[in-house]
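Below are the chains, spelled out letter by letter.
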Amino acid sequence: MGASFLTLGIETSCDDTGVALLEGERKVVASVLSSQVEDHARYGGVIPELASRKHQEVLLSLLDGMLKEAGLGPPHHGKPDLIAVTFGPGLMGSLLVGVMTAKALAQAWDIPLVGVNHIEGHMFANVISDENVAPPFIALVASGGHTEVYHVPRFGTYELLGKTRDDAVGECYDKVAKLLGLPYPGGPTVDRLARDGNPGAFSFPVPLSSSNKVEFSYSGLKTAVLTEIRRHEKSGRPLDIADLCASFQKAAVAALMGKLEIAVKQTGTTRIAVSGGVASNSLLRRLLKSMSNWEVFIPPAELCTDNAAMIAAAGRNRFMRGFTGALDLTPDPSASLSENR
Ligand code: KG4
Ligand code: ZN
């Protein structure tokens with residue numbers, strides 16, 4: 001199979017509709033995204049029913065535009081060699097839109113279809129962005145829905161070392177932003193404000209810092225921030241939002257770094273691939289880069305957040321490992337990656 005092997009990727013698991021064309025293993029020919037952030041912003045979070053309707057509205061025209069631009073589809077009659085679509089985890093209604101569309105296209109074009117686990121997709125953002133990303137490595141997937149650490153001895157084998165007991169780290173950023181009256185999604189804004197603040201101004205506990213397991217918990221940290229805000233309100237003293245953001249960020253990121261250190265000790269692997277929206281975080285990036293004994297990979301920002309190029313890359317890899325999904329592929333909102341051989 002030559003480098004011109006074309007994979008069409010489709011991603012509709014949450015609130016971004018994404019389509020992409022990947023040539024060979026890592027050349028992104030096109031990657032188009034329609035974000036629903038503004039639709040959900042006024043509610044302060046993702047509304048599932050609204051998300052699936054929006055995917056339905058935009059997916060076909062997004063696909064049509066991208067394929068035309070690439071000289072595929074009518075009237076050119078060209079077609080990709082493979083379709084990769086996210087089948088889970090995610091929102092049921094949203095996943096359905098992508099999976100049903102992918103099935104219809106695979107049938108019409110008579111090409112193979114492969115279902116991709118969204119988390120495996122995030123890891124492949126690293127593969128696209130750097131040719132040196134090869135197993136064995138530790139993968140930290142940190143986003144609005146996930147905070148999970150895997151040991152990846154080879155592609156296709158994902159040993160879950162640990163995950164969050166409650167909120168995801170990105171979700172915690174979003175909730176803290178909401179408490180401060182900042183717009184959704186809050187991660188980028190809190191990160192930006194934190195740069196001008198004093199991280200020592202408030203002392204927030206680093207979640208689960210005394211446990212020697214790879215595990216996370218972010219709901220207590222959010223409550224600690226809320227308590228601090230209330231205390232200030234009661235006292236009538238003005239709250240320095242930059243200081244609060246910097247102090248919160250220090251604790252939130254310290255938990256990620258601490259658990260990565262444990263994962264390195266447990267596995268003896270020092271190659272680390274970080275992905276998901278929170279991989280864009282400036283403090284996390286800085287601290288990761290400062291670990292001179294680690295080989296750290298972080299994709300560029302546009303590949304950190306949800307996109308279809310990473311789904312295409314993971315799907316192509318699965319296809320090469322002998323997997324083809326079939327027309328009986330069904331969405332699985334709580335798909336587990338460790339059982340996804
Ligand atoms: O991967 P992603 O686009 O979607 C999910 O699969 O969840 O991640 C979005 C999440 C949001 O919670 C957002 O607030 C967070 O990533 N995020 C950040 C930053 N940029 C995005 N969190 C902290 N610092 C950032 N710079
Ligand atoms: Zn994601």
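Refer to the structure printed above.
Residues numbered from 1 in each chain as written. Chains lettered and ligands numbered in written order. Predicted model: local features only at pLDDT ≥ 70, side-chain atom pairs only at ≥ 80, totals over all residues. Heavy atoms only, no water.

### Focus: the overall build of the protein
Inference 1: Within the protein one finds 11 helices and 10 strands.
Inference 2: Referenced to the eigenvectors of the C-alpha coordinate spread, the extents of the protein come out at roughly 70 × 45 × 30 Å.
Inference 3: By residue count, 53% of the 341 residues in the protein fall in the buried class.
Inference 4: Accessible surface for the protein amounts to roughly 14,600 Å². Of this, 52% is attributable to carbon and sulfur atoms. (Helix = DSSP H or I, 4+ residues; strand = E, 2+ residues; numbered from the N terminus. Buried < 20%, exposed > 50% of the residue type's maximum accessible area, 1.4 Å probe, protein only. Areas by Shrake-Rupley, 256 points an atom, 1.4 Å probe, with all protein chains shown as cover.)

### Looking at the sheet that holds strand E10 (residues 295–297)
Note on sheets: strands pair through backbone hydrogen bonds, and any given pair is parallel or antiparallel.
Inference 1: In spatial order, the strands read E8-E7-E6-E9-E10; together these 5 strands make up an open sheet with mixed pairing. If you trace the sheet from one side to the other, it starts and ends with strand E8 (157–163) and E10, each paired once. The average undirected angle you get between the axes of adjacent strands in this sheet is 25 degrees.
Inference 2: Of the pairings in the sheet, the one linking strand E6 (residues 137–142) to strand E7 (residues 147–154) comprises 6 bridges and is antiparallel in character. Among the inter-strand pairings, Val-141 is bridged to a residue of E7, identified as Glu-148. (Pairing = 2+ DSSP bridges. Axes fitted to C-alpha atoms, helices over the stretch in contact; angles between N-to-C directions.)

### Some details on the coordination of the zinc ion (ligand 2)
Inference 1: Protein coordination of the zinc ion (ligand 2) is provided by His-118 (NE2), His-122 (NE2) and Asp-306 (OD), with donor distances spanning 2.1 Å.
Inference 2: Considering all 4 donor atoms around the zinc ion (ligand 2), the spread of angles at the metal, 93 to 138 degrees, places the coordination shape in the irregular class.
Inference 3: All donors of the zinc ion (ligand 2) belong to a single chain; written as a sequence motif, their spacing is H-x3-H-x183-D. One end of the pair, His-118, and the other, His-122, are both in helix H4 (residues 118–129), 4 residues apart, so they sit about a helical turn from each other. With respect to class, His-118 is no different from His-122; both count as buried. (Donors = N, O, S within 2.8 Å, 3.2 Å for Na, K, Ca; no water. Tetrahedral: all angles 85-135°; square planar, octahedral: opposite > 155°, others 65-115°.)

### Looking at the side chain of Asn-117
Inference 1: Looking at the secondary structure, you find Asn-117 in strand E5 (residues 113–117).
Inference 2: Classification of Asn-117 as buried rests on a relative accessible area of 0%.
Inference 3: In this structure the side chain of Asn-117 is engaged in a polar contact, spanning 2.8 Å, whose partner is the backbone nitrogen of Ile-119. (Polar contact = N/O pair within 3.5 Å; in protein donor to acceptor, adjacent residues only side chain to side chain.)

### Here we look at the site of ligand 1
Inference 1: In the neighbourhood of ligand 1, 20 residues make up the surrounding shell, with Gly-144, Asp-174, Gly-187, Asp-191 and Asn-281 lying closest.
Inference 2: Between an oxygen atom of ligand 1 and a main-chain N or O atom of Gly-170, the distance comes to 3.1 Å.
Inference 3: Separating an oxygen atom of ligand 1 from a side-chain N or O atom of Asp-306 is a distance of 3.1 Å.
Inference 4: When ligand 1 sits alone it has 560 Å² of accessible area, and the protein chains cover 89% of it.
Inference 5: For the shell around ligand 1, the secondary-structure elements that each account for two or more residues are H4, helix H5 (169–179) and helix H6 (187–194). (Near = heavy atom within 4 Å.)

### A few points about the sheet that holds strand E3 (residues 27–35)
Inference 1: Spatially, 5 strands are ordered E3-E2-E1-E4-E5 in an open sheet, and the strand pairing comes out mixed. Pairing within the sheet leaves two strands with one partner each, and these edge strands are E3 and E5. Averaged over all pairs of adjacent strands, the angle between their axes in this sheet comes to 20 degrees, without regard to strand direction.
Inference 2: Pairing of strand E1 (residues 6–11) with strand E2 (residues 16–23), which is carried by 6 bridges, proceeds in the antiparallel orientation. Each residue of the ladder has a partner; that of Glu-11, found in E2, is Gly-18.
Inference 3: Contacts from helix H3 (residues 92–109) reach E1, strand E4 (82–88) and E5, with the element oriented near 155 degrees to E4.
Inference 4: Relative to E4, helix H11 (residues 309–320) is tilted by about 105 degrees, and along the sheet it contacts E1, E2, E3, E4 and E5. (Contact = heavy atoms within 4.5 Å.)

### Quick word on unusual backbone geometry
Inference 1: Cis geometry marks the peptide bond from Pro-135 to Pro-136; its omega dihedral reads 0 degrees.
Inference 2: Structurally, the position occupied by Pro-136 is in the loop between H4 and E6.
Inference 3: Positive phi is not limited to glycine here, since Asp-110 has a value of about 55 degrees.
Inference 4: Relative to the helices and strands, Asp-110 is located in the loop between H3 and E5.
Inference 5: Asp-110 sits in the exposed class, given a relative accessible area of 65%.

### Section: the packing of helix H7 (residues 219–235) against helix H8 (residues 241–267)
Inference 1: Between H7 and H8, the shortest axis-to-axis distance is 11 Å and the interhelical angle comes to 160 degrees. On the basis of the axis angle, H7 is roughly antiparallel to H8. Between H7 and H8 lies a crossing of right-handed hand. Contact residues: Leu-221, Val-225 and Glu-228 in H7; Leu-244, Phe-248, Ala-251 and Ala-252 in H8.
Inference 2: Here the residues of the contact of H7 with H8 are counted per class, giving 6 nonpolar, no polar and 1 charged. (Parallel < 35°, antiparallel > 145°, perpendicular 65-115°, else oblique. Left-handed = near helix turned anticlockwise from the far one by under 90°. Nonpolar A, V, L, I, M, F, W, Y, C, P; charged D, E, K, R; others polar.)

### Concerning H4
Inference 1: A rise of 1.5 Å per residue sets the reference length of H4, with its 12 residues, at 16 Å; its end C-alpha atoms lie 17 Å apart and thus fit the reference within 8%.
Inference 2: Among the 12 residues in H4, 11 count as buried, and that is most of the element.
Inference 3: Residues of H4 that are buried: His-118, Ile-119, Glu-120, Gly-121, His-122, Met-123, Phe-124, Ala-125, Asn-126, Val-127 and Ile-128.
Inference 4: Between the side-chain oxygen of the N-cap and the backbone nitrogen of Ile-119 there are 2.8 Å, and the N-cap of H4 in question is Asn-117. (Expected span 1.5 Å × (residues − 1).)

### Description of the nonpolar core
Inference 1: Counting 47 residues, the largest nonpolar core has Phe-204, Tyr-218, Phe-248 and Leu-288 as its most contacted members.
Inference 2: Elements represented by at least two residues in this core include exactly E6, H5, H6, H7, H8, strand E9 (271–275) and helix H9 (282–289).
Inference 3: Residue contributions to this core peak at 14 residues, all from H8.
Inference 4: Ranked by size, the runner-up nonpolar core spans 32 residues in total, among them Val-133, Val-152, Ala-309 and Ala-312. (Core = buried A, V, L, I, M, F, W, Y, C linked by side-chain atoms within 4.5 Å.)

This is a description of form; function is not addressed.
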